[in-house]
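# Report on the structure
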Amino acid sequence: MKLCMVVDDFEVIRKITRPIVEELGYLVIEAADAATAAEHCVGEMPDVIIVDWTLPDADTHSLIASIRAEPTAKIPVIIYLTTENNPSDLIKALNAGADGYIIKPFHRETLQDKIKKLTSKKPMMAL
């Protein structure tokens, strides 16, 4: 089964996102902070990671870069969630390794379409 991790310090965002992603056939795990997210990635790298732009214990851009640096055969799709349309922040997230972004609040279809689009374009295993 495909695995998705939702990383957000607000429980309501994790609870709203879970059923949207589950409809696509993913098993969803949650993390409220960067440390928990990093632990999950060492245990089993998710296929998709949805990560909030601010986390209480780390810079999200650094978390994205550290996930990209993990020696693993699975290459996750990383979607950056933000509440602001700040071009310099979005560029920083993309440069750190995010594959795309979504601005909150988002619609069910927006998130599902983004996941489908990004997972169809990206090889999920390292060569």
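Our subject in this report is the structure included herewith. (Residues numbered from 1 in each chain as written. Predicted model: local features only at pLDDT ≥ 70, side-chain atom pairs only at ≥ 80, totals over all residues. Heavy atoms only, no water.)

Looking now at the overall build of the protein chain. A count of helices and strands for the protein chain gives five helices and five strands. Considering only C-alpha atoms, the protein chain reaches an extent of 35 × 30 × 25 Å along its principal axes. Looking at the protein chain as a whole, 45% of its 127 residues are labelled buried. Intrachain contacts of the protein chain at a sequence separation of at least 6 include 62% that bridge at least 24 residues. Accessible surface, the protein chain as shown: approximately 6400 Å² in total, 57% of it carbon and sulfur. If the 14 positive side-chain charges of the protein chain are averaged to one point and the 19 negative ones to another, these points end up 7 Å apart. (Helix = DSSP H or I, 4+ residues; strand = E, 2+ residues; numbered from the N terminus. Buried < 20%, exposed > 50% of the residue type's maximum accessible area, 1.4 Å probe, protein only. Contact = heavy atoms within 4.5 Å. Areas by Shrake-Rupley, 256 points an atom, 1.4 Å probe, with all protein chains shown as cover. Lys, Arg positive; Asp, Glu negative; His and termini not counted. Charge placed at Lys NZ, Arg CZ, Asp CG, Glu CD.)

Examined against the element boundaries, A69 turns out to sit in helix α3 (residues 60-69). Remark: the alpha-carbon pair of A69 and G97, spanning 28 residues in sequence, is separated by 9.5 Å.

Okay, the pattern of salt bridges next. Tallied over the full model, the rule gives ten salt bridges. With its nearest N and O atoms 4.0 Å apart, the salt bridge here joins E44 to K74. Of this pair, E44 sits in the loop between α2 (34-43) and β3 (48-52) while K74 sits in the loop between α3 and β4 (77-82), and the two are 30 residues apart along the sequence. Ionic pairing is found between D52 and K104, a salt bridge with its closest N-O pair at 2.8 Å. Separated by 52 residues along the polypeptide, D52 in strand β3 and K104 in the loop between β5 (100-103) and α5 (108-121) bring together distant segments of the chain. (Salt bridge = Lys/Arg side-chain N within 4 Å of Asp/Glu carboxyl O.)

As a further point, take the packing of aromatic side chains. Across all of its chains, the model carries zero aromatic pairs by this definition. K2 extends its terminal NZ or CZ atom over the ring of Y26, reaching a point 4.4 Å from the ring centre. Above the face of the Y101 ring, K114 is positioned so that its terminal group lies 5.7 Å from the ring centre. (Phe/Tyr/Trp six-rings, centres within 6.5 Å; stacked < 30°, edge-to-face > 60°. Lys NZ or Arg CZ within 6 Å of the ring centre and 35° of its normal.)

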